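Report on the structure
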Amino acid sequence: MSLAVTDRSAPYWLTAPGLLVFLGLVIVPLGMTALLSFYDWGQYKGIVPAFTLKNWAEIATDSYFFEVFLRTFRIAILVTLATILIGVPEAYILNRMSPGWRSVCMLVVIGPLLVSVVARTLGWALLLGSTGLVNQGLMALGLIGTPLEFMFTETGVVIALTHVLVPFMILSVWASLQRLDPQIENAAMSLGAGWLTIWRRVILPQIVPGVLSGSIIVFALAASAFASPAIIGGRRLKVAATLAYDEFLNTLNWPLGAAVATLLLVALVAIIVGSNRLIERRYAQVFE
Amino acid sequence: MSHLVLEALGKSYGAVVAVEGLDLAVERGEFVSLLGPSGCGKTTTLQMIAGFVPLDRGRILLDGGDLAAVAPNRRGLGIVFQSYALFPHMTVAENIAFGLEMRGVGRAEREKRTLEAMALVGLKGFAERYPRRMSGGQQQRVALARALVIKPALLLLDEPLSNLDAKLREEMQGELRQIQRSVGTTTILVTHDQHEAMALSDRIVLMNQGRVEQIGAPDAVYGRPSSAFVANFLGKTNMLKGSGDGAGRVLIDGFAIALPGAGPGPVALAVRPERLVLAAPGAPGFGGRIAGRVFQGSYWLLTIESAAGPLTVMRGNDGTAVPAEGEAVSLSFAPGDAALLADGGAS
C-alpha cells in the first residue's frame, strides 16, 4: 500500500492533537488545582501564593470534613449496591429478550442519560417532596401517617443517583452476559441444577467482572456527583463535590476547596485502582 | 419395550412445522444418529428429549415412563453441546463433579468417580486445568466426561465434533464409539455430517423438513436409499432413468435388470458410483462414452455420458488400464446394487 507508514514518528504526530487537548484541558487544570491547595487564604487578604499545609491540616483535623467524606462514600456505596440489585436482574432479563423488544427496552434503560441532569433531578424533587407524588400516594393508601423525609436526606440522594447510574451497571453486566455461552444454562440444567443453583453457581461467577467494573463506574460517578446531591441534598446535606463547590463559590476559599477536590480525586483513584487490581487477580480465569 | 420411544412427536414454531410425526424406538445401548441438513428438525428433536423445548404433539417414553412430564433438570440425561458449554470459571475436575454435586454425592465418592471419568476420556492429570487453557479436543473430552459421570440414562450429543478440525474429528469419532461401547449408554447423536453418522451409529435416522425419510443401519440406508433425497444426501449417487416392463424388470437402453416391485412406465434407480461396472463395448450392459477422468490416487473418478443420463463411476486403481476420454464403454450393475426410488427421482 502506498500509504504504508514508514515514518516511525507518525503515530506521535497523529495522537498529538488528542494528547494536547487532554493535557491542556485535564492534566494542567488538575495540576493547578493540586498546587492551589497549598496556597494560603484569608478573609481579607484573599488567595496568597505562598506554600502552606494549612488547608490540608484543616481537613485532617476538623471532623466536619471527615463527616462529609464519610457521607460521600456511604452514599456512593449504597448507590452501588442499589444499582447491582436493580441492574443485574434487569440486564439478565434484557439479555433474554427478543432482539426487537430488547432495543426498545435498551432505549428505556438509557433514557435517563438523555435527560439533562438538572431537569431529571428536579423531577425527582417533585416526586419526593413532602407534598410530592410519592408521599401523597403512600398517605392516600394509608401506609404512612406523616410524609416521609426524602428531600434533604441521604435516602433521597441515593434514590436519585441510583436512577441516573443504573444504566451504567446494566450496560456493563449486559456486556459480560453476552460473553456467556448460550447453552451454559441448559448444560447446568441437564446436570441437575435448579434455576437458583444455576444463577448462584454458573451465571453469577461469570458475570462478576461485569458487576465489578460496573460498580467501579457507578461508585466513581456517585462519589463525585454534584447536581443530584446539590438539589436533593441541598445546603444541609453536603457531600465532597458540593462542599468543594461551596468553598470555591460561596466562601471564596479557593485553596481549601482545591484541597477537598484533590482529596476526593486521590481517594477515588486509590479506591478504583486498588479494587481493579483485586478483581483482576481474583477473577483471572474469567477475564481472559 | 424399547428403552426410548418417540411417538408421533411434533413441534411447530408458529406456522413453521419443525418436527412432524416422528416415530422412533431406540434399544438399550444403541447408538442412533439423527442426520439431516440444517433445519430438518434434528436439533429440535434432541432438545425435546432433553426438555429444553416443550413438545407440541406426541409422547416421549423412557423405559415406559413419560419423559415429557419430568422437569429438564430431573431427567438425568447426559448432554454434550456443540459449543461444549463448559463452566469457564471451574476447573476440569469441578466441571465434571458438578453433576455429582447436584445429586448430593459425597466428597470421597465424587472425587473417585470424577477421576474415573477423566481416565475414561483420557484426561488424567488435567484436574486443575481451566477449560480455556485447553484445546478444542480436550474441552470436548471434558464435556463428554461431565455428561457420562452422572451415569445418564441417555447420552445426547449435539453436533459434538463439528468444532474440531478434520483429523481430530476422525480420531475422536473412533474414541467416542469405543467409549460409548464400553459404558453401554444409549446414545443419540445429532449431526449434519454423513460420514460421522455412518462411522458412529448402529442406526441412522435420516430427516428432512421435519419428517423422517428413512431409518436403518448405515450400510442399509447407504445401499438401499428409499428416496432421491436420501440417495443424494448420503454419499454420491447416480440417478438412472429406465422404464419398467410391468413384469418386474427394468430396461435401460436394451439392458434388462430384474427389479421386483418396479411398476410399468418410467422408473428411477439409484446406483452408487463404486457399484457401476465398466466393460468393453459389446459386453452385456448399456452404452456410454467417457467424458472425463480424474485420478484420485486409490481410485479413478470417471464421468460418463450414457443412455441413462450422465453418470459418475468410481473405478478402483487395480493396476489395469483405464479407458481414456472419448472411448466407448458398456456399463452394467448387479440387481442388488440398484435401489428403486419411491419418489421416482423427484427432488
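Residues numbered from 1 in each chain as written. Chains lettered and ligands numbered in written order. Predicted model: local features only at pLDDT ≥ 70, side-chain atom pairs only at ≥ 80, totals over all residues.

**Some thoughts on the overall build of chain A**
This is how it is decided: A run of H or I in DSSP counts as a helix once it spans at least four residues, and a run of E counts as a strand once it spans at least two, with each numbered from the N terminus. A residue is called partly exposed when the number of other C-beta atoms within 10 Å of its own lies between 12 and 20, exposed at 12 or fewer, and buried at 20 or more, with C-beta atoms placed from the backbone. The contact rule is simple: place each C-beta atom from the backbone, and if two of them lie within 7 Å, those residues are in contact.
Counting its regular elements, chain A contains 13 helices and two strands. Overall, the C-alpha framework of chain A stretches about 75 × 75 × 35 Å when taken along its three principal axes. For chain A, with 288 residues in total, the buried portion stands at 31%. Partitioning the intrachain contacts of chain A with sequence separation of at least 6 by distance along the chain shows that 72% fall at a separation of at least 24.

**Focus: the packing of helix H1 (residues 10–36) of chain A against helix H12 (residues 254–282) of chain A**
Residues and elements named next belong to chain A. The criterion, for reference: Axis definition: a line fitted to C-alpha atoms, limited for helices to the stretch in contact. Angles are taken between N-to-C directions and run from 0 to 180 degrees. Every angle not falling under 35 degrees, over 145, or within 65 to 115 is termed oblique; those three ranges are roughly parallel, roughly antiparallel and roughly perpendicular. A clockwise turn of the near helix away from the far one marks a right-handed crossing, whereas an anticlockwise turn of less than a right angle marks a left-handed crossing. Gly is put with the polar residues, along with every residue not named as nonpolar or charged; the nonpolar set is Ala, Val, Leu, Ile, Met, Phe, Trp, Tyr, Cys and Pro, and the charged set is Asp, Glu, Lys and Arg.
For the pair H1 and H12, the least separation of the axes is 7 Å and the interaxial angle reads 120°. Taken together, the axes of H1 and H12 lie oblique to each other. The element H1 and its partner H12 pack so that their crossing is left-handed. Here H1 contributes Thr33, Ala34 and Leu36 to the contact with H12, which in turn contributes Trp254, Pro255, Ala258, Ala261 and Thr262. Classifying every residue of the contact of H1 with H12 gives six nonpolar, two polar and no charged.

**Some words on the sheet that holds strand E17 (residues 299–306) of chain B**
Strand pairing in a sheet is mediated by backbone hydrogen bonds. Such pairs are either parallel or antiparallel. All names here are of chain B. Stated precisely, the cut-off is as follows: Two strands qualify as a pair provided DSSP detects at least 2 bridges between them.
A sheet is described by the order of its strands in space; here five strands give the open sequence E15-E19-E16-E17-E18, paired in antiparallel fashion. Strands at the two margins of the open sheet, each flanked by one partner only, are strand E15 (277–279) and strand E18 (309–316). Along the sheet, successive strands turn relative to each other by an average axial angle of 45°, direction set aside. Sheet topology note: the strand E16 (residues 286–295)/E17 ladder contains seven bridges and is antiparallel. By the bridge assignment for E17, Gly292 is matched with Thr303.

**Quick word on the environment of Thr153(A)**
In this fold, Thr153(A) is placed in the loop between helix H6 (133–140) and helix H7 (154–178). The sequence separation of Thr153(A) and Ala60(A) amounts to 93 residues, and the corresponding C-alpha distance is 25 Å.

**Here we look at the sheet that holds strand E11 (residues 238–244) of chain B**
Residue and element names in this part refer to chain B. If you trace the five strands from one edge of the open sheet to the other, you get E13-E12-E11-E14-E20, paired in antiparallel fashion. Strands at the two margins of the open sheet, each flanked by one partner only, are strand E13 (255–258) and strand E20 (338–340). Neighbour to neighbour, the strand axes of the sheet diverge by 40° on average, direction disregarded. Sheet topology note: the strand E14 (residues 265–271)/E20 ladder contains three bridges and is antiparallel. Paired with Ala270 across the strands is Ala339, a residue of E20.

**Some details on the interface of chain A and chain B**
Listed as interface residues are 17 residues of chain A and, on the opposing side, 19 residues of chain B. Elements supplying a minimum of two residues to the side of chain A that touches chain B: helix H8 (184–190), helix H9 (195–223) and helix H13 (284–287) of chain A. Counting residues per element, the side of chain A that touches chain B draws most heavily on H8(A), which supplies five residues. Along the lines of polarity and charge, the residues of the side of chain A that touches chain B split into eight nonpolar, seven polar and two charged.

**Looking at the domain arrangement of chain B**
All names here are of chain B. Keep this limit in mind: Just so you know, the domain bounds were taken from an automatic or database domain assignment.
Examined at the domain level, chain B breaks down into domain 1 (4–223) and domain 2 (228–340). Counting from both sides, the interface comprises seven residues of domain 1 and, opposite them, five residues of domain 2. If you list the elements that add at least two residues to the side of domain 1 that touches domain 2, you get strand E9 (203–208), strand E10 (211–216) and helix H7 (218–223). Its residues assigned to classes, the side of domain 1 that touches domain 2 comprises three nonpolar, three polar and one charged.

**Section: the nonpolar core**
Definition in use: Here, a nonpolar core denotes buried Ala, Val, Leu, Ile, Met, Phe, Trp, Tyr and Cys residues that are linked to one another through C-beta atoms within 7 Å.
With 104 residues, the main nonpolar core has Ile96(B), Ala145(B), Leu156(B), Ile188(B), Leu206(B) and Leu269(B) as its most contacted residues. Two domains each put at least three residues into this core: domain 1 (4–223) and domain 2 (228–340) of chain B. Ignoring any residue separated from it by four or fewer positions in sequence, one finds Leu156(B) in contact with Leu46(B), Ile49(B), Ala50(B), Leu77(B), Gly78(B), Ile79(B) and Ile188(B). By size, the runner-up hydrophobic cluster in this structure holds 52 residues, among which are Val88(A), Leu128(A), Met151(A) and Ala160(A).

**Focus on unusual backbone geometry**
For Leu252(A), which is not glycine, the phi torsion reads 65° and is therefore positive. Residue position: Leu252(A) is located in the loop between helix H11 (240–249) and H12. Residues other than glycine seldom take positive phi values, yet Asp63(B) does so here, at roughly 50°. Following the sequence through the fold, Asp63(B) ends up in the loop between strand E4 (57–62) and strand E5 (65–66). For Asp63(B), a count of 12 C-beta atoms within 10 Å corresponds to the exposed category.

**Considering the pairing of strand E1 (residues 4–13) of chain B**
Residues and elements named next belong to chain B. Judged from the seven bridges that link them, E1 and strand E2 (residues 16–26) form a sheet pairing that is antiparallel. Bridge assignment links Leu4 to a residue of E2, and that residue is Val26. What sits between E1 and E2 in their antiparallel hairpin is a turn of two residues, with Gly14 showing a positive phi close to 60°. Where E1 meets E4, five bridges bridge the pair, whose relative direction is antiparallel. Paired with Val5 across the strands is Leu61, a residue of E4.

**Some points on the pairing of strand E3 (residues 31–35) of chain B**
Residues and elements named next belong to chain B. With five of its five residues buried, E3 lies for the most part within the structure. Alternating residues of E3 divide into Phe31, Ser33 and Leu35 and Val32 and Leu34, and every residue in both groups is buried. One ladder, built from five bridges, connects E3 with strand E8 (residues 186–191); its direction is parallel. Looking at E8, one finds that Leu34 is bridged to Val190. Judged from the four bridges that link them, E3 and E9 form a sheet pairing that is parallel. If you follow Ser33 over to E9, its bridge partner there is Ile204.

**Describing the confidence of the model for chain B**
What counts, and what does not: Values of pLDDT, which run from 0 to 100, indicate the predictor's confidence residue by residue.
Per-residue confidence for chain B gives a mean pLDDT of 90, with 98% of residues at or over 70. Quick note on the complex model: pTM equals 0.81, ipTM equals 0.82.

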